Amino acid sequence: MGKTVTEKILSRAAGKEVSPGDYIEVSSRLPITLSAGMGRGAAQMEGAGATRLFNPQLIHMVDGHTGSTASHNAGESRTTGRAWAKKMGVPIENIYELGRQGIEHVVAGDHAWALPGEVFFQVINGHTTTLGALGAFAITLSYGSGAYMATGKTWIRVPESVKVVLTGALPKGVIGRDIAEYVLGQIGPAGAAGQVMEWTGPVVDALSMDGRFTLCCNALFYGAWTGIINPDQKTMDYVRARNSGPFEPLTSDPDAEYARVYEFHVSHVVPQVVPPPERYHVFPVSQYEGTAVNRAFVGSCENSRIEDMRLAATLLKGRRVHPDVILNITPGSVSVLKQCIKEGLMETFVEAEALVASPNCGMCWGANTPLAAGDVCISSGTCNYPGRMGSKDAAIYLGSPATVVASALEGKITDPRKYL
Amino acid sequence: MAVAEMRGRGWTFEGILDVDWHICSFELLRRLREQGIPITDEELGKYCMTNVDPDFPKKVQKGDFIVAGENMGYGHDHDHACRSIKGAGVAAVLCDSTNANFLRNSIEHGLPIVECPGILEATKPGDTLRVDLAAGVVANLTQEKVFHFRPYPPFLLEMIEAGGLYPHLKKEIAAGKY
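Note that this is a predicted model, so its numbers are computed, not measured.

K.L.:
Provide a residue-level description of the pattern of salt bridges, including the pertinent values.
P.N.:
Residue and element names in this part refer to chain A. One pass over the structure, following the stated rule, counts 25 salt bridges over all chains. Between R29 and E118 there is a salt bridge whose closest N-O contact spans 2.9 Å. Highlighted residues: R29 in the loop between β1 (23-26) and β2 (32-35) and E118 in the loop between α4 (104-110) and β5 (119-122), separated in sequence by 89 residues. Here R29 falls in the partly exposed class, since its relative accessible area comes to 44%. When its relative accessible area of 14% is taken as the criterion, E118 is described as buried. A cluster of three or more residues bridged by salt bridges with shared partners is formed by R177, E181, R279 and E302.

Dropping the structure here:
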């Protein structure tokens, strides 16, 4: 019986053949991305009496969650984070503070810190799975971060894999985000509980790297530990352009064993909307067309890469945001921002009277332009539970950047296909 | 704390329970911070499951269990939910299934999670349950039903006995391991 790409990566990392259910101890030689404000990890280490990082060179501190806002203790955490980095010997060039900042997962992708065939850890959050698009086993250390930074080791219960085969071709106006939500609607919130979602098939092969990042970003909403895509030539080209380090890619065997195989033909899929408050109730946009919105957001680790920005600009070019609506567009990183400027997208955004915020997670978790009670927002962010983007008396609908911008233009939830 | 064998009442919860809403509002963290209230397990425990059952923190007794369905601890890896459950006095969470981040965070906080398909359907609110992590057995003493799960490996039992990852690490560091 063959092995999945995940089992192969974990076997190599453990130095022995492993199977689902095995408990193993794992280390990674790759950079570890931290949010810039390291208050908690520092406190965890200090509380345990750990005075040293196992390898300060690997620590990369990225200001992604707070950015240039005053909320969420942003200023204080930056100050303590800087002081901690200095004390612990983290190289100054590893600090991606304001001016070099971005969403941690986007910055990690910009630099290809995750590599095919390797285990990749981030301290911050469940969307670390985004980097599975590079063929890495990418997970967050979460609460265990401080311990990992002290010891360089963590425990893993080897997960089963679920294979998702996407066939057909993406219709016009439907992007990776719509597919991610469509599949969520089909397999449900426990469709891959505790497992790894391995995305395969001709649609995945044809998808851009930006689209693949979005697919893997969504993993936790199916209950999956992470998402992964077998590396191909596109992956190799993407990685090689950004990271000259050595690596050996791994891919699943044709006879690998999966807990389940889901196959979806996507040629008929339409733009998808996730209404409040449950994350996994997914509907075609037509179901909510006409719902009035006064706030809109293009950004987050799901959809803040250059392709998302280009899509937003395609819809906004020569148009103006509806006067009832504030449209917040937040590029995912300074690299994305630079590219937006180079391609003239910023001019389109500003002419359309969209608000362009400095790169960070920002509005997705209420860290800039938070929602007030009674606001109704259409968002390309990650979550729609009450209080996620500010007031818990605001309503959040999720959709692709195209759906968000089309809705912002009309002041109501709108099928974007008529603009494309 | 003897965690290998536990005994208490089961509190059942149907449906998908999101860490950031059903188990404990994510927005609560911001509110407590703004009010200058220290965020402790006990403080979060006062709000445990209140978006589903407002009286739960008053009803639950130390050593009781939460019994849940599929993908318990849905959504983000936000561990305030694990702290809230622990702070409410819950000894362990039994569920049909869970996800890796909720599982890891809970165990690392010293809160055992037991995956036992069928457990929710087989449990009535208030049933007395016995859980043996080392043997991999859940017994519903009220209904006289027994479930088996893969026993916890010794290193995880040790971590839970120590009260979680960090108390355990502290011991290891004090012993000169790192």
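After presenting the structure, the write-up continues.
K.L.:
Tell me about empty space enclosed by the protein, and name the residues and values.
P.N.:
Under the criterion given, the structure shown has six cavities of 30 Å³ or more. One number sums up the size of the largest cavity: a volume of about 90 Å³. Class assignment for the residues of the lining of the largest cavity results in five nonpolar, seven polar and one charged. Each of domain 1 (5-157) and domain 3 (272-419) of chain A gives at least three residues to the lining of the largest cavity. Size it by volume and the second largest cavity reaches roughly 70 Å³. Lining the second largest cavity, in full, are P277(A), E278(A), R279(A), Y280(A), N384(A), Y385(A), I16(B), D18(B), W21(B), H22(B) and Y74(B).

K.L.:
Outline the packing of aromatic side chains, supporting the account with residue identities and numerical values.
P.N.:
The final tally for this structure, using the stated rule, is 20 aromatic pairs over all chains. With 6.3 Å between their ring centres and 85° between their planes, Y385(A) and F26(B) make a pair best called edge-to-face. Separated into two different chains, Y385(A) in the loop between β17 (376-379) and β18 (395-398) and F26(B) in helix α2 (residues 26-34) make up a pair that spans both. By the ring-pair criterion, three or more aromatic residues cluster together here, those being Y23(A), W155(A) and F155(B). Sitting over the ring of Y96(A), R100(A) keeps its end group 4.1 Å from the ring centre. Against the face of W155(A) rests R104(B), its NZ or CZ located 5.3 Å from the ring centre.

Conventions and cut-offs
- Residues numbered from 1 in each chain as written.
- Chains lettered and ligands numbered in written order.
- Predicted model: local features only at pLDDT ≥ 70, side-chain atom pairs only at ≥ 80, totals over all residues.
- Heavy atoms only, no water.
- Salt bridge = Lys/Arg side-chain N within 4 Å of Asp/Glu carboxyl O.
- Helix = DSSP H or I, 4+ residues; strand = E, 2+ residues; numbered from the N terminus.
- Buried < 20%, exposed > 50% of the residue type's maximum accessible area, 1.4 Å probe, protein only.
- 1 Å grid on protein atoms, 1.4 Å probe; cavity = no way out; pocket = protein on both sides within 12 Å on 5 of 7 lines; lining within 4 Å.
- Points joined across faces, edges and corners; volume = space filled by probe spheres on them.
- Nonpolar A, V, L, I, M, F, W, Y, C, P; charged D, E, K, R; others polar.
- Domains from an automatic or database assignment.
- Phe/Tyr/Trp six-rings, centres within 6.5 Å; stacked < 30°, edge-to-face > 60°.
- Lys NZ or Arg CZ within 6 Å of the ring centre and 35° of its normal.

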